[in-house]
Protein chains: 2
Amino acid sequence: MTQEPDHGRRTAAQGSRIDAYIDRYAARATGMVASEIRALFAVASRPEVVSLAGGMPYVTALPLDTVGELVADLVAQRGTVALQYGSGQGDPHLREQICEVMRLEGIDAGPDDVVVTVGSQQALDLITRIFIDPGDVVLAEGPSYVGALGTFAAYQASVVHVPMDDQGLIPESLTETLTALAAAGRRVKFLYTVPTFQNPAGVTLTLERRRQVLEICRRAGVLVVEDNPYGLLGFDGEPMRALRAEDADNVVYLGSFSKTLAPGFRVGWALAPHPIKDKLVLAMESAVLSHSSFTQLAVGRYLETQPWREQIKSFCELYRERRDAQLNALTALMPPGCHWTRPAGGFFVWMTLPEGLDSKALLPRAVAERVAFVPGTGFYADGSGATAMRLSYCYPEPDRIREGVRRLAGVIQQELVMRDTFGTGSMRPGPGVDTPGPDLA
Amino acid sequence: MTQEPDHGRRTAAQGSRIDAYIDRYAARATGMVASEIRALFAVASRPEVVSLAGGMPYVTALPLDTVGELVADLVAQRGTVALQYGSGQGDPHLREQICEVMRLEGIDAGPDDVVVTVGSQQALDLITRIFIDPGDVVLAEGPSYVGALGTFAAYQASVVHVPMDDQGLIPESLTETLTALAAAGRRVKFLYTVPTFQNPAGVTLTLERRRQVLEICRRAGVLVVEDNPYGLLGFDGEPMRALRAEDADNVVYLGSFSKTLAPGFRVGWALAPHPIKDKLVLAMESAVLSHSSFTQLAVGRYLETQPWREQIKSFCELYRERRDAQLNALTALMPPGCHWTRPAGGFFVWMTLPEGLDSKALLPRAVAERVAFVPGTGFYADGSGATAMRLSYCYPEPDRIREGVRRLAGVIQQELVMRDTFGTGSMRPGPGVDTPGPDLA
């Protein structure tokens, strides 16, 4: 990237040449380094750039007046509770409502098994905290959610990817991976999976494969951590049955209101078997004492007084239109050799570039042309993904999506000319986990 | 405790006889066990019990109507920001306002060095996460904040207590402890201290000792983590200068709006030297992505539009009245041989019982007599504190405080009779860290 213009200011982490505390950090902190692409995303958030990078939901579609009234009523009527400390496990009434939400995905659970967390990100952090010793193996789809890889790295887990195809995680590959790890004497703690409208790949695990994956993990004594923020954001028919609906003993389910309502409340949850739930509550208390009573009660009141199912439907229609805009633009504009997934819900398309192109090397040029994406290497712990990228369609409006794809197609075209003129490989930076900013989740 | 009536239902943790996942947890999770006194506190929250146990601020004193209007305005005017993901470091404007708050304690700092966290508890969790390898030593006052001990245990730190007297941490003892640890080849990462209106002891480190403690730590290469939730809640004169005001390079300062505004927003912060701040932001992102934009902006708007300094003053008056009620009742009612501290601010009195009495053994009897406290052992990682207890005066109204002290004095009187009749020791349970519930913080 040395020949590229300097688009962004350097992050503070890069700017501090001397860290006087360097010898004092814990071993786990040595991996906490700001991504080299982080500064670029600061530029990418400028209004003239079409960002196909972010995973931000389109909260503008919410009825803001209603939400405003609702929080004012909350303070007036239950202010002394909303402003006070709450319990570590979370508000009991909200936990009941969460069970009602999960019922849409076939889950039968009681509020005592739910722990409310600061987004499902914290649920993932706490699950990792209670299960992972340094060096323990976590299995994850390849590619996998960048925020999960950051959390696993923070606990010094060893992430092993299991490949996917258009039907999601490949059961045969899962078996092979487990066999190889067992032969190597490695301890596998859990499979982390986003089975429905996967982030970043946009694919969904089929019903048939769900049964197989659950069976394989149960036999191997490997817990399944099902992360399902997008499950209710499908574009066709009824919600998919969750993995947790088929196996209450070996699945920890992570849910979130960030996409079905709004991320600004930071309300997510974990549903876990009793003993794991007990540990999660204790871990929650040592991490933050308790979540915000205010935001928990606000979400509870929203669910109680507003037509939340209809709001989710209207989100689905909005995102479907954007997905269509993106897929149609990709079909119309991308040069031959590009391939992409066709999500039936959620926020993301995964695109693979023609041979010899490197998405990370492409990013500064794309930003110069006022379009941004997340390079594929961010979604792998092992340096894979160089030829791929994640394209989101959740936040920009359809016209902007089309314009973004047009700009990106132009950059890729140029890059193909470069490749054909100068050959491949020279622009490729080294592999590495890219710590995400929150807006890239 | 076998002769006591069964006041509480058993916690779920105690109720689950078989934990099928027991062989899979991380080493750090083995210490995450619900305290044996936890169930008792469920009983202690009944209205007929005067709880001198909790650390809950008296949020009833807040102008709830005003807060309600303020959050409604926030959603109406800045809803799409308040409901969206924020940055990992926290809202920039709130960070500026936090610097203004800290200026009251003599701290000169810029917003770029502040990280907004989910209460200062999370700041403590993240600091521990980036500095502590299993077995590393954390120095803490004896007694120390129970929630901090829980966090240190979760990261497998080895806590070594340094004694206090009425003037706070004893510098000579700090030096001796450091010398002994150095001789033993132990690695001391930081001193955790609540220098002002300490939780649980209610004492304040004098100005003279502040300089000494900072000097000793700087020479030893030991970072100081200054936890200061009560600093602005003094009953006499101007706020004390923070440790951070004297040493910007070797002090990480933790602050909170939980006591000066309300805990229900869960807004706290860390102020740290640049390189540490950078690590904290990355740790924050892997832990929760970002804090709630909604609650951050609500706190920001409160500070911007409301007379927050006057609100703090009115809190101070309210708590001073309660402190006086408690101290006067203790003087009037406690039997000879009881000793207690005289806090000049904050929420807590630390009382030492006559020789031969055990506060944990006393607790079930006290709860039966409708008064609750936190036994002293909860505030030590090493089993000390059996003859002491923490008495809070922050939440009950003065009449209730007097009644609570009256009941407690009766229980202690009875216990003294028992001691003089049957001798000491028989009722003493084993030592151990008691994981706190959030309301005991």
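Owing to the predicted nature of the structure, the values given are computational and were not obtained by experimental measurement. (Residues numbered from 1 in each chain as written. Chains lettered and ligands numbered in written order. Predicted model: local features only at pLDDT ≥ 70, side-chain atom pairs only at ≥ 80, totals over all residues. Heavy atoms only, no water.)

Some thoughts on the domain arrangement of chain A
Size of an interface, as often reported, equals the accessible area lost when the parts are brought together.
Residues and elements named next belong to chain A.
Part 1 of the reasoning: Assigned domains of chain A: these are domain 1 (28-54 + 310-421) and domain 2 (84-306).
Part 2 of the reasoning: In this structure, domain 1 and domain 2 have C-alpha centres spaced 25 Å apart.
Part 3 of the reasoning: At the junction of the two partners, domain 1 supplies 25 residues and domain 2 supplies 27 residues.
Part 4 of the reasoning: Summed over both sides, the interface of domain 1 with domain 2 buries roughly 2300 Å², with 67% coming from carbon and sulfur.
Part 5 of the reasoning: The largest contributions to the domain 1 side of the interface with domain 2 come from Arg28, Ile312 and Phe379, which together make up 22% of the buried area.
Part 6 of the reasoning: For the pair domain 1 and domain 2, the number of links is zero salt bridges.
Part 7 of the reasoning: Inspection of the domain 1/domain 2 interface yields seven residue pairs in polar contact (both at pLDDT 80 or more).
Part 8 of the reasoning: Broken down by element, the side of domain 1 that touches domain 2 gets its largest block of residues, seven residues, from helix 11 (residues 308-333).
Part 9 of the reasoning: Split by residue class, the side of domain 1 that touches domain 2 holds 15 nonpolar, five polar and five charged. (Domains from an automatic or database assignment. Contact = heavy atoms within 4.5 Å. Buried area = accessible area lost by both parts, 1.4 Å probe. Salt bridge = Lys/Arg side-chain N within 4 Å of Asp/Glu carboxyl O. Polar contact = N/O pair within 3.5 Å; in protein donor to acceptor, adjacent residues only side chain to side chain. Helix = DSSP H or I, 4+ residues; strand = E, 2+ residues; numbered from the N terminus. Nonpolar A, V, L, I, M, F, W, Y, C, P; charged D, E, K, R; others polar.)

So, the pattern of salt bridges
Part 1 of the reasoning: All chains considered together, the criterion is met by 36 salt bridges over all chains.
Part 2 of the reasoning: With its nearest N and O atoms 3.1 Å apart, the salt bridge here joins Arg309 of chain A to Glu100 of chain A. Placement of the pair is Arg309 of chain A in helix 11 and Glu100 of chain A in helix 4 (residues 92-103), with a sequence separation of 209 residues.
Part 3 of the reasoning: A relative accessible area of 37% means that Arg309 of chain A is categorised as partly exposed.
Part 4 of the reasoning: For Arg219 of chain A, the salt bridge is made with Glu215 of chain A, and the minimal N-O distance between the two is 2.5 Å. In this pair, Arg219 of chain A and Glu215 of chain A are both assigned in helix 8 (residues 207-220), four residues apart and thus about one turn of the helix distant.
Part 5 of the reasoning: Overall, Glu215 of chain A belongs to the partly exposed group, its relative accessible area being 30%.
Part 6 of the reasoning: It is possible to trace a salt-bridge network through shared partners that takes in Asp125 and Arg129 of chain A together with Asp125 and Arg129 of chain B. (Buried < 20%, exposed > 50% of the residue type's maximum accessible area, 1.4 Å probe, protein only.)

Some details on the packing of helix 5 (residues 119-131) of chain A against helix 6 (residues 146-154) of chain A
Residue and element names in this part refer to chain A.
Part 1 of the reasoning: The geometry of helix 5 relative to helix 6 is characterised by a closest axis approach of 10 Å and an angle of 30° between their N-to-C directions. Considering their axes alone, helix 5 and helix 6 lie roughly parallel with respect to each other. At the point where helix 5 passes helix 6, the crossing takes the right-handed sense. Facing helix 5, whose interface residues are Gln121, Leu124, Asp125 and Thr128, helix 6 presents Gly147, Ala148, Thr151 and Phe152.
Part 2 of the reasoning: Split into classes, the residues belonging to the contact of helix 5 with helix 6 amount to three nonpolar, four polar and one charged. (Axes fitted to C-alpha atoms, helices over the stretch in contact; angles between N-to-C directions. Parallel < 35°, antiparallel > 145°, perpendicular 65-115°, else oblique. Left-handed = near helix turned anticlockwise from the far one by under 90°.)

Things to note about the interface of chain A and chain B
Part 1 of the reasoning: In this complex, chain A contributes 93 residues to the contact, which on the side of chain B involves 93 residues.
Part 2 of the reasoning: Interface area, chain A with chain B, both sides summed: about 7500 Å², of which 62% is carbon and sulfur.
Part 3 of the reasoning: Considering only the surface of chain A that becomes buried against chain B, Arg24, Leu83 and Tyr85 of chain A emerge as the three largest contributors, covering 11% of it.
Part 4 of the reasoning: Linking chain A with chain B are two salt bridges.
Part 5 of the reasoning: For Asp125 of chain B, the salt bridge identified is with Arg129 of chain A, shortest N-O distance 2.9 Å.
Part 6 of the reasoning: Sorting the residues of the side of chain A that touches chain B by element identifies helix 1 (12-15), helix 3 (64-82), helix 5, helix 6, helix 9 (274-288) and helix 10 (293-305) of chain A as the ones contributing at least two each.
Part 7 of the reasoning: By residue number, the principal contributor to the side of chain A that touches chain B is helix 9 of chain A, which donates 12 residues.
Part 8 of the reasoning: A class-by-class count of the residues in the side of chain A that touches chain B yields 49 nonpolar, 27 polar and 17 charged.

A word on helix 10 (residues 293-305) of chain B
Residue and element names in this part refer to chain B.
Part 1 of the reasoning: Relative to the 18 Å expected for 13 residues at 1.5 Å per residue, helix 10 spans 18 Å between its end C-alpha atoms, a close match to the ideal helical length.
Part 2 of the reasoning: Across the 13 residues of helix 10, 11 count as buried, placing the element largely inside the fold.
Part 3 of the reasoning: Buried within helix 10 we find Ser293, Phe294, Thr295, Gln296, Leu297, Ala298, Val299, Gly300, Arg301, Tyr302 and Leu303.
Part 4 of the reasoning: Two or three places before Phe294, at the start of helix 10, stands the capping residue Ser292, its side-chain oxygen 3.2 Å from that residue's backbone nitrogen. (Expected span 1.5 Å × (residues − 1).)

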